[in-house]
Amino acid sequence: MNYGKVPKIELHCHLDGSLRPETVLELIESSKDTTEKYLQGLGENREARLQAVTTLLVAPYDCDSLDTYLKRFELPIYLMQTEEVLERVAFELMEDCAKEAVKYVEIRFAPQLHTEGQLDYDRIIGSVVKGVKRAEQIFEIRGNVILSYMRNSDVEGIYSVLDAGKPYLGKGVVAIDLCAGERDLFAPRFKEAMGYARKLGYHVTIHAGETGITQNIVDAIEILGAERIGHGVAMMDNPEIQKKVAERGIFIECCPTSNLQTSAVEKIKDHPILPFEREGLLITLNTDNRTVSNTSMTGEFECLEKAFDIETDFCKTVYENALEGSFADIETKAWLTQFKSQI
Ligand SMILES: [Zn+2]
């Protein structure tokens, strides 16, 4: 199957992990300030420089931990501190998605990481939404933004993000997410904040069970009201929890290549996406980070095909689940329905 041409939907894609290396190089070279430190040792000719930048952005296939993987975000975040850059990278991500027949994407990013250039949350969120909307006018794709919050930072800080995103709800922003390393049982301390988010009208998706803590999946659903779970790999050995999650109609945002890099699974063949599907879980397929994971939606399908011999029915299921589990409005969902027959 030519996965590059098959209509696809992506629900879990981080903006800062999906910058084009070409754009990053251009931004470094055009900036006269402290980006000096990133320019050192990049080499003489453009090709070598691009290669060096790519190395800074792409995580190896065998990262020793989630934290090593997360280091790849340092340079992109350093650069994403102006309205122009935020708008541009959001637009380019939409374009990259459209070029591989992704018809709808939910782009997530954490506004709190983009205040170094003195931008306030309104301008940060507004710039990303603007880039998404501009791309919608040009390419055959629709998009929405999910606001992420770094759960290892102070709980109180999430309220100003939620308030800043409120005017954009239904106008480009659809949900709140908790992300970053997963070391403890984080859900109880975000209970009130997530209740507040839901009251404002945010949908909720939570990174949980990415690298080992199964209880976080249950807590994200029961304590935080998550409608979708990012990753959920940790429940692969726990049929009881799988059953519970399936019964509640929670969607799972699977990201196989990313899980391989963070050692959540040892090899793609060990990834639970197909067993999850057999157990009745509503699985979706996603890149997590296009650049950091050096992948695309096409790449994720191809990687599954190599490991599992997936069939057309699988692509249909993944599309239908993603359509159903997306936070898009009724109109967008109706528009996306037309592409089902092309799979
Ligand atoms: Zn993620």
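Residues numbered from 1 in each chain as written. Predicted model: local features only at pLDDT ≥ 70, side-chain atom pairs only at ≥ 80, totals over all residues. Heavy atoms only, no water.

### What about the layout of surface pockets?
Here the largest pocket is characterised by a volume of approximately 370 Å³. Together, 24 residues line the largest pocket, and Leu70, Phe73, Met150, Cys179 and Ala180 are the ones closest to its centre. Mapped onto the lining of the largest pocket, the elements with two or more residues apiece are helix H4 (66–70), strand S2 (102–109) and strand S3 (142–150). Classifying every residue of the lining of the largest pocket gives 11 nonpolar, seven polar and six charged. (1 Å grid on protein atoms, 1.4 Å probe; cavity = no way out; pocket = protein on both sides within 12 Å on 5 of 7 lines; lining within 4 Å. Points joined across faces, edges and corners; volume = space filled by probe spheres on them. Helix = DSSP H or I, 4+ residues; strand = E, 2+ residues; numbered from the N terminus. Nonpolar A, V, L, I, M, F, W, Y, C, P; charged D, E, K, R; others polar.)

### Observations concerning the nonpolar core
Met194 and Ile206 are the most contacted members of the largest nonpolar core, which has 109 residues in total. By residue number, the principal contributor to this core is helix H6 (residues 83–99), which donates nine residues. Every residue in contact with Ile206, bar those within four places of it in the chain, is listed here: Arg151, Asp177, Leu178, Phe186, Met194, Ala220, Leu224, Ala226, Arg228, Ile229 and Gly230. If you look at the next biggest cluster of nonpolar residues, it comprises seven residues, including Cys63, Leu66, Tyr69 and Val292. (Core = buried A, V, L, I, M, F, W, Y, C linked by side-chain atoms within 4.5 Å. Buried < 20%, exposed > 50% of the residue type's maximum accessible area, 1.4 Å probe, protein only. Contact = heavy atoms within 4.5 Å.)

### As for the side chain of Thr257
With respect to the secondary-structure elements, Thr257 resides in helix H12 (residues 256–261). Owing to a relative accessible area of 5%, Thr257 belongs among the buried residues under this scheme. Not counting residues up to four positions away in its chain, the partners in contact with Thr257 are Tyr61, Ile268, Ser293, Thr295, Glu300 and Cys303.

### Remarks on the coordination of the zinc ion
Protein coordination at the zinc ion: the donors are His12 (NE2), His14 (NE2), His207 (NE2) and Asp288 (OD), at 2.1 to 2.3 Å from the metal. Angles of 82 to 170° at the metal separate the four donor atoms of the zinc ion, which places the site in the irregular class. Judged by relative accessible area, which is 0%, His12 ranks as buried. Judged by relative accessible area, which is 2%, Asp288 ranks as buried. (Donors = N, O, S within 2.8 Å, 3.2 Å for Na, K, Ca; no water. Tetrahedral: all angles 85-135°; square planar, octahedral: opposite > 155°, others 65-115°.)

### Here we look at the sheet that holds strand S4 (residues 173–179)
In spatial order, the strands read S1-S2-S3-S4-S5-S6-S7-S8; together these eight strands make up an open sheet with parallel pairing. Among the strands making up the open sheet, the edge pair consists of strand S1 (8–14) and strand S8 (282–285). Direction aside, the axes of adjacent strands within the sheet are offset by 25° on average. Where helix H16 (residues 330–337) meets the sheet, its contacts fall on S1, S2 and S3, and the angle it forms with S2 comes to roughly 140°. (Pairing = 2+ DSSP bridges. Axes fitted to C-alpha atoms, helices over the stretch in contact; angles between N-to-C directions.)

### Observations concerning helix H7 (residues 121–138)
Taking 1.5 Å as the rise per residue, H7 with 18 residues should run 26 Å; its terminal C-alpha atoms sit 26 Å apart, in good agreement. Along H7, the positions that sit buried rather than exposed are Tyr121, Ile124, Ile125, Gly126, Ser127, Val128, Val129, Gly131, Val132, Ala135 and Glu136. Buried residues along H7 sit in contact with H6, S2, S3, helix H8 (158–165) and S4. (Expected span 1.5 Å × (residues − 1).)

### Looking at empty space enclosed by the protein
In total, this model carries two cavities of 30 Å³ or more according to the counting rule given. Size it by volume and the largest cavity reaches roughly 40 Å³. In terms of lining residues, the largest cavity is bounded by Val6, Pro7, Lys8, Ile9, Phe301, Cys315, Val318, Tyr319 and Ala322. When residues of the lining of the largest cavity are traced back to their parent elements, those giving at least two are S1 and helix H15 (312–325). The element that contributes the greatest number of residues to the lining of the largest cavity is H15, accounting for four residues.

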